Amino acid sequence: MEMKLKVIFLCCILHLAAAQLRNGFYSNSCPQAESIVQQVVQKKFSTDRSITAALLRMHFHDCFVRGCDASILIDSTKSKSSEKDAGPNLTVRGFELIDDAKRNLEAACPSTVSCADIITLATGDAVALAGGPGYNVSTGRRDGLVSDSSEVNLPGPSLSISDAARFFTAKGLTLNDMVVLLGAHTVGVAHCGFFRDRLSNFQGTGKPDPTMDPALAATLLKTCGTQSRPLSRDPTVFLDQNTSFILDNQFYNQIRSKRGILQIDQELALDSLSAPLASRLAANNDLFRQSFVNAMMKMGSVEVLVGNAGEIRKNCRIFNKPGGRA
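All residue numbers refer to positions counted from 1 along the written sequence of the respective chain. Only residues with pLDDT of 70 or above have their local features reported here, since the model is predicted, and side-chain atom pairs are shown and tallied only from 80 upward, although totals for entire chains, interfaces and linings are computed over all residues. For the side-chain quantities, the full set of heavy atoms in the structure was used; hydrogens and water were omitted.

Next up on the list: the packing of helix H3 (residues 51–63) against helix H12 (residues 285–299). Where helices are involved, their axes are fitted lines through C-alpha atoms of the stretch in contact, as for all axes, and angles between N-to-C directions lie from 0 to 180°. Each helix corresponds to a stretch of at least 4 residues labelled H or I by DSSP, and each strand to a stretch of at least 2 residues labelled E; elements are numbered beginning at the N terminus. Their axes nearest at 10 Å, the elements H3 and H12 cross at an angle of 45°. It follows from the interaxial angle that H3 and H12 lie oblique. Of H12, the residues touching H3 (which contributes Leu56, His59, Phe60 and Cys63) are Phe292, Met296 and Met299. Side-chain classes follow a simple rule in which Ala, Val, Leu, Ile, Met, Phe, Trp, Tyr, Cys and Pro form the nonpolar group, Asp, Glu, Lys and Arg form the charged group, and the remainder, Gly included, forms the polar group. Its residues assigned to classes, the contact of H3 with H12 comprises six nonpolar, one polar and no charged. An angle below 35 degrees is treated as roughly parallel, one above 145 as roughly antiparallel, one from 65 to 115 as roughly perpendicular, and anything else as oblique. Contact definition: two residues touch when any of their heavy atoms are within 4.5 Å.

Written out as structure tokens, the structure is:
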């Protein structure tokens with residue numbers, strides 16, 4: 001009973017914080033804030049369409065550790081390793097885009113727009129540029145004062161659906177939210193090291209993972225090599241082999257055809273907990289688009305700092321206050 005009350009109390013606190021986010025938070029203090037971020041994202045997207053996947057990943061990795069507070073942006077110091085240098089975050093990219101947006105915002109409206117809001121706004125802009133749904137991003141987040149690599153604990157690519165779902169429910173998200181958010185993999189890539197075990201000697205069988213299309217496994221084997229004889233580099237491959245730069249529902253059609261690259265992606269189409277929704281999303285792109293917007297807005301509200309909590313960083317890589325810890 002005591003534990004249940006604690007969970008209810010935590011949920012109430014989270015909902016109260018999220019409720020303080022709103023559309024147009026900077027309409028008076030920095031009216032051009034959203035357009036400044038959008039211009040930076042458009043410029044980057046014009047030369048690198050993969051920035052959509054990079055920002056989606058950054059946003060997810062940030063929100064799942066201490067909430068959406070831009071703690072992933074903090075650089076490590078000689079004495080402390082920040083989230084940025086934790087194993088799962090070593091391949092996160094897009095930091096320079098956030099720096100560019102922050103620099104332009106500081107020139108227009110000093111110490112006004114948080115780095116946490118910049119990540120969220122930039123991600124929304126990148127989703128729309130990739131053909132995904134446009135949506136109004138609520139703002140008003142503040143930046144965190146702690147960034148510790150030891151606190152980074154994210155769901156891995158080989159987890160079962162039920163195990164992965166526990167990470168999401170711990171953040172106030174549902175199983176359905178997880179199924180929809182993993183649809184962001186439609187514009188994603190993965191290093192071979194995350195799935196090479198599926199290609200030739202799955203679980204010690206000497207054969208590929210039987211849930212992967214044999215033709216796809218053979219193609220990926222040429223790119224990635226085997227577990228015993230990996231290539232000297234660690235190449236990346238598209239997680240959606242069809243519309244790799246378009247944010248649409250084709251990812252779900254791919255996994256229903258046994259063409260999921262990551263094990264957790266393929267499990268979405270096989271596990272009884274997730275398969276029904278994955279099938280509906282595969283059949284209805286409009287359903288995916290609306291569901292994706294709803295799930296992104298929920299994720300962007302996870303454990304946010306608002307009001308006088310945290311700070312508004314002047315440089316997204318460094319804490320303002322001496323009390324900040326990295």
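There's more to say after this.
Glancing now at the side chain of Thr112. Position of Thr112 relative to the elements: it lies in the loop between helix H4 (95–108) and helix H5 (115–129). Two N or O atoms form a polar contact when they lie within 3.5 Å of each other; inside protein one atom must be a possible hydrogen donor and the other a possible acceptor, and for residues adjacent in sequence the pair counts only when both atoms belong to side chains. A polar contact is formed between the side chain of Thr112 and the backbone oxygen of Pro110, at a distance of 2.9 Å. Beyond its immediate sequence surroundings of up to four residues, Thr112 is in contact with Tyr26, Ser29, Cys30, Glu106 and Ile312.

When two cysteine sulfur atoms are found within 2.5 Å, that pair is recorded as a disulfide. Tallying each qualifying case throughout the model produces four disulfides. In this model, Cys115 is linked to Cys316 through a disulfide, with the two sulfur atoms separated by 2.1 Å. The disulfide joining Cys115 to Cys316 has a torsion of about -95° about its S-S bond and is therefore left-handed. In this pair, Cys115 sits in helix H5 while Cys316 sits in the segment after H12, placing the two residues 201 residues apart along the sequence. Neither residue differs from the other here; Cys115 and Cys316 are each classed as buried. Two residues, Cys192 and Cys224, share a disulfide whose sulfurs are 2.0 Å apart. On the sign convention where negative is left-handed, the bridge of Cys192 and Cys224, at about -65° about the S-S bond, is left-handed. Per-residue accessibility, obtained with a 1.4 Å probe over protein chains only, is compared with the maximum for each type, and a residue is labelled buried under 20%, exposed over 50%, and partly exposed between these values.

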